[in-house]
Amino acid sequence: MRIFKFKRAFKSVLVVAFFVFISVKSYSQGSFKWSNDGNSYYKIQSEGIVQYTLPTNDYKILFSKEQLTPAGSKTPLNVSYFDISDDEQKVLLFTNTKRVWRINTRGDYWVLNIASGKLQQLGVNLPESSLMFAKLSPDGTQVAYVSGNNIYVEDLSSSKVKALTTDGTSTLINGTFDWVYEEEFYCRDGFRWSPDSKSIAYWQIDASKTKTFYMVNNTDSIYSKIIPIEYPKTGETPSACKVGVVTIDDAKTTWMQIPGDARQHYLVRMEFIPSTKKLLIQQLNRKQNHSKLFIAEPNTGTSKVIYEEKDAAWINVHVQENLKYGVYFTNNFNWLNNGDNILWVTEKDGWRHLYNVSLTGNKEQLITNGAYDFIDLKNIDYKNNQVYFMASPDNATQNYLYKTKLNGKGSLELVSPKTLKGTHDYNVSPTGTFATHSFSNNFTKAAAELISFPNHKPINEAYGIEANLDKLEEAKKVEFIKVTTVDGVEMDGWMVKPTNFDATKKYPVVFYVYSEPGSTTVTDEYGAGNNRNYIGNMADDGYIYISLDNRGTPAPKGRAWRKSIYRKIGQVNIHDQAMAAKEILKWDFVDPERIAVWGWSGGGSATLNLMFQYPEIYKTGISVAPLTNLLTYDNVYQERFMGLPQENMNDYLKGSPITYAKNLSGNLLLIHGTGDDNVHYQNTELLINELVKYNKQFQLMSYPNRTHGIREGEGTTKHLNTLFTNYLKMYCPPGGK
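In this report, we go over the structure that sits alongside the text. Everything numeric in this text was worked out from a predicted model, so none of it was measured.

Rules behind the numbers
Residues numbered from 1 in each chain as written. Predicted model: local features only at pLDDT ≥ 70, side-chain atom pairs only at ≥ 80, totals over all residues. Heavy atoms only, no water. Phe/Tyr/Trp six-rings, centres within 6.5 Å; stacked < 30°, edge-to-face > 60°. Helix = DSSP H or I, 4+ residues; strand = E, 2+ residues; numbered from the N terminus. Buried < 20%, exposed > 50% of the residue type's maximum accessible area, 1.4 Å probe, protein only. Lys NZ or Arg CZ within 6 Å of the ring centre and 35° of its normal. Pairing = 2+ DSSP bridges. Axes fitted to C-alpha atoms, helices over the stretch in contact; angles between N-to-C directions. Expected span 1.5 Å × (residues − 1). Contact = heavy atoms within 4.5 Å. Core = buried A, V, L, I, M, F, W, Y, C linked by side-chain atoms within 4.5 Å. Polar contact = N/O pair within 3.5 Å; in protein donor to acceptor, adjacent residues only side chain to side chain. Arc of directions from axis to C-beta. Patch = residues over 30% accessible without salt bridge, like charges linked within 9 Å, V, L, I, M, F, W, Y side chains within 5 Å. Areas by Shrake-Rupley, 256 points an atom, 1.4 Å probe, with all protein chains shown as cover. Salt bridge = Lys/Arg side-chain N within 4 Å of Asp/Glu carboxyl O. Parallel < 35°, antiparallel > 145°, perpendicular 65-115°, else oblique. Nonpolar A, V, L, I, M, F, W, Y, C, P; charged D, E, K, R; others polar.

1. Some thoughts on the packing of aromatic side chains
No. 1: All told, the structure shown has 33 aromatic pairs when counted by the stated rule.
No. 2: Seen from their ring centres, Phe-511 and Tyr-618 are 6.0 Å apart, and the 70° between their planes marks the pair as edge-to-face. Of this pair, Phe-511 sits in strand β40 (residues 507-512) while Tyr-618 sits in the loop between α7 (602-613) and β43 (620-624), placing them 107 residues apart in sequence.
No. 3: Under the relative-accessibility criterion, Phe-511 is labelled buried at 4%.
No. 4: The rings of Phe-32, Trp-34, Tyr-41, Tyr-52 and Tyr-59 are connected pair by pair, giving a single aromatic cluster.
No. 5: Between Lys-348 and the ring centre of Tyr-355, over which it is positioned, the NZ or CZ distance is 4.9 Å.

Quick look at the structure:
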């Protein structure tokens, strides 16, 4: 399971520019930084932190390994992420990082003074690798950070540390978030400096009423260990959340007075309005179908609603990458007119559009006008009244850069090269002068280039993507298809046919599914049609491999497509998949007796539902880390898409695979990690009981203490892949007949 994320995550690709290779994955994680003037970029390399000046791409070592080596040490810091102060006089360095739930957000921080060369460790008296989200104050004199769920500020000249909160515990969380806020709202960094550097606004989460879910570690010692997690299951009351502003001088907090029961609402975005002392806060009700924007006064705590919206299904929180602080550390508003307006994303007219929303009472302005979905904001050009964003009006499996007038009076104009059909992505410099441009499709290796912007010209034509397509393109192996069901639903899909395909023979089909609002599977990018769990080549072995995106998946096909699944997870998506499979079974070269399906997480759930609800179609299934009972997942995700079980329990029962377990007639392999903190192993045990009850035979592989990705431990990936491959070959034999 995962949070709704409308845009598609780009796979790790290479940037080719003057023989310098830059990993796009690394720049999005923080090792690539644009300079403030947008005319150069910084990158972590073996030599230290280096600077490339554009357009010549001249290279110089900005901070050497020697400068990054602490006094008394022979080894330079292993820097995972860095930030350069606005005045470019100090560098904040993140090292010795540790994973918190999904990504490494905890570690040690150092500050390098550029003028003096002094390297200073922060929080030296706090536990090792305990600092989170360190940020330089706007005036560059202090750094604030979180440790042990409390917020601290450190004066850089004296190294004096002051605790701004002292009540933090494992369940009273200051300046960061609990598991469910991070997992479902991408909330990690939970505090903001005021523009005048005199105060800090922060979230406080009270998870003391959240019930504890216990996992058991049976393998790391002779006696078992209990692993507790504060995990709010669907239907359970959310943790309480509030926003406070603490002044640096006296460490006193003023709490913002946001109307509504704190345990029946979520506060999902918060930031100081530029050039003011006021806060803008977004609140969602528990059902997540009513959003309000409040302006709050930090001195008094008073607040007022300035914008609200409702949806009959749910409202998505827009996730905007903020590369200044690292991918998904921080989700901020997009400001216009020095804070008088914001860019706002809503689906209220049936399409996901970008609006200019006034904070001062003026009429809102629709910017992206038309029958298409806005996907992601990339750049605002105030001088020329242009906004650049990702969209794909004509093909929901692809992604392109477009522009239109910021005042909403312009037409939609394609910026990405017309010759490059597929999936694009961009990271535009702060001044809009240059950008990194990434591209791939199913037969073109993922690659990227540095371009001038907005004319989209490679800074060196010889190393541009278009000039090197002959080196990147491969023979087409993936065929993109459309399948129309008996209900008139047209579904995008891809298909990989067997090597040396013979249309006079019948072949087995393996369906790959996810099918929930969290993700699409049918995207025109390099790697489409691959199965990471299969050892060998499925096409060479004689399988037809297919994936389809049903209604309810987050494809850019309009609100009605995406939200048709509301309160019907396990029903609409499963029906669409099965009806599409029935159409595919009509193809002369498909063997209806050899039909397999597999998926992971939400796809594992879909696999079970398809096996149980349509046993006449699916003969073999491999379900990895599945949710078998919708009531066992977290409240934020499940209630967003399914409503409250207290009000519509029947929808939960109809959508849960466990409800239909008695119908199993095919071959089923269950795979799950017992240390899964996301979709608990509890789900597999509940299903086991139900299958045993009805004497339904199946196979099970439990991986001790592995998490949702089942990747920890020596040999795990190879073991899982071998198991997957052998099971598929045994129960759904490959080859044409």
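The structure having been displayed, the exposition proceeds.
2. Description of the sheet that holds strand β39 (residues 490-496)
No. 1: If you trace the 8 strands from one edge of the open sheet to the other, you get β38-β39-β41-β40-β42-β43-β44-β45, paired in mixed fashion. Both outer strands of the open sheet, β38 (479-484) and β45 (699-703), are each paired with one neighbouring strand and no more. Direction aside, the axes of adjacent strands within the sheet are offset by 20° on average.
No. 2: Where β43 meets strand β44 (residues 667-673), 5 bridges bridge the pair, whose relative direction is parallel. Each bridged residue has a counterpart across the sheet, and for Thr-620 the counterpart in β44 is Asn-667.

3. Observations concerning α7
No. 1: If you check α7, its first and last C-alpha atoms are 16 Å apart, about what 12 residues at 1.5 Å a residue would give, namely 16 Å.
No. 2: Most of α7 is tucked away, with 11 of its 12 residues classed as buried.
No. 3: Residues Gly-602, Gly-603, Gly-604, Ser-605, Ala-606, Thr-607, Leu-608, Asn-609, Leu-610, Met-611 and Phe-612 constitute the buried set of α7.
No. 4: Tucked into the core, α7 has its buried residues touching α6 (572-584), β42 (590-600), β43, α9 (645-655), β44 and α10 (682-693).

4. Some words on the nonpolar core
No. 1: Formed by 48 residues in total, the largest nonpolar core has its most connected members in Tyr-181, Phe-185, Val-243, Met-256, Leu-279 and Ile-281.
No. 2: Elements with a contribution of two residues or more to this core: α2 (179-185), β17 (199-206), β18 (212-217), β20 (240-247), β22 (265-272), β23 (279-285), β24 (290-296) and α8 (635-642).
No. 3: A total of 5 residues in this core trace back to one element, the largest contributor, which is β22.
No. 4: Among residues more than four places away in sequence, those in contact with Ile-281 are Val-243, Met-256, Ile-258, Leu-267, Arg-269, Met-270, Lys-292, Leu-293, Phe-294 and Ala-296.
No. 5: In this structure, Val-513, Ala-581, Tyr-614 and Ile-617 belong to the second largest nonpolar core, which totals 41 residues.

5. Concerning the environment of Ile-459
No. 1: Along the chain, the position of Ile-459 falls in the loop between β37 (457-458) and α3 (469-472).
No. 2: When its relative accessible area of 17% is taken as the criterion, Ile-459 is described as buried.
No. 3: When the C-alpha atoms of Ile-459 and Leu-54 are compared, they prove to be 8.1 Å apart, with 405 residues separating the residues in sequence.

6. Overview of unusual backbone geometry
No. 1: In the segment running from Leu-54 into Pro-55, the intervening peptide bond is cis, with an omega of 10°.
No. 2: Of note, Pro-55 is situated in the loop between β5 (48-53) and β6 (58-64).
No. 3: Each neighbour pair has its own omega, and for Phe-453 with Pro-454 the value is 15°, a cis peptide bond.
No. 4: Here Pro-454 shows up in the loop between β36 (444-452) and β37.
No. 5: One non-glycine residue, Asn-337, lies in the positive phi region at around 50°.
No. 6: Considering the arrangement of structural elements, one finds Asn-337 in the loop between β26 (334-336) and β27 (341-346).
No. 7: With a relative accessible area of 48%, Asn-337 lands in the partly exposed category.
No. 8: Even without being a glycine, Asn-385 presents a positive backbone phi close to 60°.
No. 9: With respect to the secondary-structure elements, Asn-385 resides in the loop between β30 (374-381) and β31 (386-391).

7. With respect to the side chain of Thr-444
No. 1: Note on placement: Thr-444 falls in strand β36.
No. 2: Polar contacts involving the side chain of Thr-444 include one to the side chain of Asn-441, which spans 2.8 Å.

8. Description of the pairing of β23
No. 1: For β23, a buried count of 7 out of 7 residues is recorded, marking the element as mostly surrounded by other parts of the structure.
No. 2: Taking every second residue as pointing to the same face, both faces of β23 are buried, with Leu-279, Ile-281, Gln-283 and Asn-285 on one and Leu-280, Gln-282 and Leu-284 on the other.
No. 3: Between the end of β23 and the start of β24, which pair antiparallel, lie 4 residues, with Gln-288 showing a positive phi angle near 65°.

9. What to know about α9
No. 1: Among the residues making up α9, those that are buried are Pro-645, Asn-648, Asp-651, Tyr-652 and Gly-655. What you see down the axis of α9 is that its buried residues fit within an arc of 125°, all on one side.
No. 2: Packing partners of the buried residues in α9 comprise α7 and α8.

10. A closer look at a nonpolar patch on the surface
No. 1: A cluster of nonpolar side chains, contributed by Tyr-214, Val-216 and Ile-226, occupies part of the molecular surface with about 300 Å² of accessible area.
No. 2: Inspection of the secondary structure puts Val-216 in strand β18.

11. Structural notes on the pattern of salt bridges
No. 1: Considering all chains together, one arrives at 28 salt bridges under this definition.
No. 2: Here Glu-183 and Arg-102 are joined by a salt bridge, their closest N and O atoms 2.9 Å apart. Note that Glu-183 is positioned in helix α2 and Arg-102 in the loop between β8 (90-100) and β9 (103-113), a separation of 81 residues in sequence.
No. 3: Residue classification places Glu-183 among the buried positions, given a relative accessible area of 9%.
No. 4: The exposure class of Arg-102 is partly exposed, given its relative accessible area of 25%.
No. 5: A salt bridge links Asp-376 to Lys-378; the shortest N-O distance between them is 3.3 Å.

12. Description of the packing of α8 against α9
No. 1: The geometry of α8 relative to α9 is characterised by a closest axis approach of 11 Å and an angle of 75° between their N-to-C directions. If you check the angle between α8 and α9, you find them roughly perpendicular. Here Gln-638, Glu-639 and Met-642 of α8 come into contact with α9, specifically with Pro-645, Asn-648, Asp-651 and Tyr-652.
No. 2: Broken down by class, the residue content of the contact of α8 with α9 amounts to 3 nonpolar, 2 polar and 2 charged.

13. Concerning the sheet that holds β31
No. 1: Spatial ordering of the open sheet is given by β30-β31-β32-β33, a layout of 4 strands whose pairing is antiparallel. One side of each edge strand has no neighbouring strand; the edge strands of this open sheet are β30 and β33 (413-414).
No. 2: Relative to β33, strand β32 (residues 400-405) is paired through 2 bridges, and the arrangement is antiparallel. In the sheet register, Tyr-402 faces β33, and the bridge partner there is Leu-414.

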